[in-house]
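Summary of structural features
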Amino acid sequence: MKHLWLPLVLALGFEVEALEVHGPKYIQPGEAVMFNVVDSEKYQQIEWQQSFFNGEIYTTGDKQQTLQLALSPTSTDSYIFIRAYGIDGWNYDIADLELEIKQNKPQPVDVSIQGPEKLSKGQSADYTLMGLPAGTRIDWVIADEFGNDRGLKVTPNGDSVTLKVNKRYSGSDALTVNAVYVQNGWQYIQTKSVTIGTAVPQPELSLEFDARYTALINGGVKATVNNLPAGAQVDYAWRVVTPPLASSITLFNEATSNVALLAQNLDVASKATLALRVEITTNEQQAVLEKEFDITINPNLAPQLSHQLVSAALWNTEKTKLTVNVSEPEQEVYDYSLDNLTPALIQVQQIAAGEYEVTASADTNDIASLKLSASDIHGNTNHQVIDINIKKLPVIAFEHASKRYTNSKVPLIANINVPASFIQNVTWRQTFGSNANLDDITTFTPSFMANGLPQEYRFELEVDLGNGVKVTNDTKVNTFPVTVLNDTGDRRLIDEADKWYGASSTTVLQGLDAQHGRDSESNLIKLGSGPDGFDFMFLDEQGQIVENFAAGAQCLKDNVSGLTWLLKSSDSYPLEQQLPLEDSLCTGSKCSVNAIIRDLNARSLCGKQDWKIPSINQTLSILSINQQNSTLAWLSNNELASVQGLLNLRTSKVNEQKNYVFLLYGEELNGTWKSVEDSAQFLLVAEQ
């Protein structure tokens, strides 16, 4: 058969040297074989030429040093001629090869590839072809399932090859290790599959410190090496690089994984620098891990103190609970004590571990003190002073009058010199006198209705301040008979027959003059207010008590006589107004005295329906000749402070068709009889 050669790629050249190409001598149809340039590293590039044949050919490798040839199963070729060029600059080497095509390729000898079936990224392993005669040349081809060798490092060594998978390998999860060898001119390929695992992690060093390490206590640092190779020997070496400031630190067991520390003479938190060297040794390799690190060492602290006081201010005899808390930062043994610095002010009794009952034992305003102390086994001591305010008990004071009328409503008025928020409960108790029903015994202002018997009433007021503390005080009220008439202030006397006297008489009405009247008493009883011995309260239209001289006042109540008087105001009933007692021509409600009386009773003014003209004694009881504070100002709702002219005040006393009239002018007060038909000024009174 005529051999056809491809034209040479390189036509020029210099000295030609031997180029060694390793490959088979025989091939059978349908088979694929490989030719490989030996020592291809010394060439810059490899070029190939071949004769025409029925098959395919392609090259691989960084320098195209490997030629792969596949013969068609239907090929009728007898020989295939191949030429290889090893190019180095302008020089090249040539190798000629002849491949004979034959049938019936012998079976390969029993060989196998020995080596691990799994490799991790970053790991290397050796693979050896076993079962071949010594000196047989072997070409190793290793690639993933796609034919790539990226991330693989292959180091052939005769019948062995070292394979290393790079940590950054990114190919498929399986590799194929191919051992290509020639025996008796025929080429054979032995294959082994290798699975790729994850990268074997490198040994890592970590440290664990005692969480609450302080001076004067043995502490430590624990070293842990992760990802140790199997069977590795580990050696530890600890050392102090920089000790704590102005103190010392000692290491114990520094050749083990757990080093013990003991720092001394440390007053403030300080930093120390330590170092650790770890040597890891296996049969195949040795690694060294080193770490330098800082630790902060705190001084050994005294026990910490705290307390809870239910109440920090106590009345005399009041109790409170004190809870003492002692914590030792290093959880060492400690002792503590509680000392009473002011035994004259408080008493202390322990009721349980860490719990005390404190009782105030002085009625004074002062500060009591307790001293809490604790110390640990190193002599570190801590102190805390607990202050408690001792308060003088409050005082109950009474503001009500000690003298009242019989058959009258008697108010009791008390106060206490503490805020209302301090008071838990108020209780009144009667201790002397006829049974008196207080209307509200739980307030500071109860009242009761005195009976008709003049006597002394006594009451006790108890104020509960809470927590078992109570204060009490006693009060008394004396009642006296009601004096029917007020004092006119006139120096003369008058008897029941309305006769005036200039000297004392046994028949006169006692209490009408300044010598015998109410205003001569040193301790005058008044429910309301008024001039001299008068005791007035203003009433509104419904009969309710209002402020003195209030705009809505309609009546004036005399608390001494119990009489209620119509207020004479300029808008309704002027005091100077003169009206006849009865007028047949009267058409309005204010055209006569009796017309006004009918209107007042119909309206129940001030809650009264018995309005009428007062008697002589009733009229006399409301008159005063005190020009500085006349009762006329009160009867006129402060419109008439003094008598401006002559007043003729009609009374209900009638004798021989005449009315008895009081004549009031300036400081003069007298009486006379006038015709019933005459017009006169008037006052109106209600008794019930």
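Since this is a predicted model, take the numbers as computed values, not measurements.

What counts and how
Residues numbered from 1 in each chain as written. Predicted model: local features only at pLDDT ≥ 70, side-chain atom pairs only at ≥ 80, totals over all residues. Heavy atoms only, no water. Helix = DSSP H or I, 4+ residues; strand = E, 2+ residues; numbered from the N terminus. Buried < 20%, exposed > 50% of the residue type's maximum accessible area, 1.4 Å probe, protein only. Areas by Shrake-Rupley, 256 points an atom, 1.4 Å probe, with all protein chains shown as cover. Phe/Tyr/Trp six-rings, centres within 6.5 Å; stacked < 30°, edge-to-face > 60°. Lys NZ or Arg CZ within 6 Å of the ring centre and 35° of its normal. Pairing = 2+ DSSP bridges. Axes fitted to C-alpha atoms, helices over the stretch in contact; angles between N-to-C directions. Contact = heavy atoms within 4.5 Å. Disulfide = S-S within 2.5 Å. 1 Å grid on protein atoms, 1.4 Å probe; cavity = no way out; pocket = protein on both sides within 12 Å on 5 of 7 lines; lining within 4 Å. Points joined across faces, edges and corners; volume = space filled by probe spheres on them. Nonpolar A, V, L, I, M, F, W, Y, C, P; charged D, E, K, R; others polar. Polar contact = N/O pair within 3.5 Å; in protein donor to acceptor, adjacent residues only side chain to side chain. Salt bridge = Lys/Arg side-chain N within 4 Å of Asp/Glu carboxyl O.

**A look at the overall build of the protein chain**
A tally of regular secondary structure across the protein chain gives 3 helices and 50 strands. Buried residues in the protein chain amount to 42% of all 688 residues. Carbon together with sulfur atoms contributes 46% to the accessible area of the protein chain, which is approximately 36,000 Å² in total.

**Details of the packing of aromatic side chains**
Considering all chains together, one arrives at 17 aromatic pairs under this definition. Taken together, a centroid distance of 6.3 Å and an interplanar angle of 25° make the contact between Y79 and F81 stacked. On the accessibility criterion, F81 (7% relative accessible area) is buried. Clustering of aromatic rings is evident, with ring pairs tying together F534, F536, F538, F549 and W634. Over the face of the ring belonging to Y26 we find K102, whose NZ or CZ atom lies 4.2 Å from the ring centre. Here the basic side chain of R458 rests over the ring of F432, its NZ or CZ set 4.6 Å away from the ring centre.

**So, the sheet that holds strand β13 (residues 152–157)**
Reading across from one edge, β9-β11-β14-β13 is the order of the 4 strands in this open sheet, with antiparallel pairing throughout. Every other strand in the sheet has two partners, leaving β9 (112–114) and β13 as the edge strands with one partner each. Strand-to-strand twist across the sheet, computed as the mean angle between neighbouring axes with direction ignored, equals 25°.

**Section: the side chain of T651**
Take T651: it is sitting in strand β46 (residues 647–654). On the accessibility criterion, T651 (0% relative accessible area) is buried. Aside from chain neighbours lying at most four places away, what touches T651 is I613, P614, S615, I616, T619, N659, Y660 and F662.

**Describing the state of the cysteines**
Here the structure, examined in full by the defined rule, presents 1 disulfide. Across a sulfur-sulfur distance of 2.0 Å, C555 and C606 are joined as a disulfide pair. When the S-S torsion is 100°, as for the bridge of C555 with C606, the disulfide is right-handed. Of the two residues, C555 sits in strand β44 (residues 555–558) while C606 sits in the loop between α1 (593–603) and α2 (616–620), which places them 51 residues apart along the sequence. We classify C606 as buried; its relative accessible area is 3%.

**Digging into the layout of surface pockets**
Considered as a void within the structure, the largest pocket measures approximately 1,500 Å³ in volume. Contributing to the lining of the largest pocket are 44 residues, with N36, Q65, T66, W140 and V141 lying nearest its centre. Within the residue set of the lining of the largest pocket, elements represented by two or more residues are β3 (32–37), β5 (55–60), β6 (66–71), β12 (138–144), β13, β15 (174–183) and β16 (186–197). The greatest single-element share of the lining of the largest pocket, amounting to 7 residues, is contributed by β12. When the residues that make up the lining of the largest pocket are grouped by side-chain class, the tally is 18 nonpolar, 15 polar and 11 charged.

**A short note on the sheet that holds strand β7 (residues 79–88)**
Taken in spatial order, the 4 strands line up as β2-β8-β7-β4 in an open sheet, and their pairing is mixed. Each edge of the open sheet carries a strand with a single partner, namely β2 (26–27) and β4 (45–50). For β2 and strand β8 (residues 91–101), the ladder comprises 2 bridges, and the chain directions are parallel. Of the residues in β8, the one forming a bridge with I27 is I101.

**Points about the side chain of T359**
Note on placement: T359 falls in strand β29 (residues 355–360). A distance of 3.1 Å separates a polar atom in the side chain of T359 from a polar atom in the side chain of K319. The residues contacting T359, other than those within four sequence positions of it, are T317, E318, K319, L345, I346 and Q347.

**Brief notes about empty space enclosed by the protein**
Under the defined criterion, the tally for this structure stands at 1 cavity of 30 Å³ or more. Of the voids in this model, the largest cavity is the one considered here, and its volume is about 40 Å³. Along the walls of the largest cavity sit R650, N659, V661, K674, S675, D678, S679 and A680, which together make up its complete lining. When its residues are assigned to classes, the lining of the largest cavity shows 2 nonpolar, 3 polar and 3 charged.

**Structural notes on the pattern of salt bridges**
Here the structure, examined in full by the defined rule, presents 17 salt bridges. Of the charged contacts, one joins K271 and D294 as a salt bridge, the two residues approaching to 3.7 Å between their closest N and O atoms. Residue K271 is located in strand β22 (residues 270–281), and its partner D294 is located in strand β23 (residues 286–297); the two are separated by 23 residues in the primary sequence. Owing to a relative accessible area of 42%, D294 belongs among the partly exposed residues under this scheme. Among the ionic pairs, E541 bridges to R603, the shortest N-O distance being 3.8 Å. Of the two residues, E541 is situated in the loop between β42 (536–539) and β43 (545–546) and R603 in helix α1; the sequence distance between them amounts to 62 residues. Assessed through its relative accessible area of 39%, R603 is described here as partly exposed. A single salt-bridge network, built from bridges that share partners, covers R429, E460, E462 and K470.

By themselves, these observations are geometric and do not establish any function.
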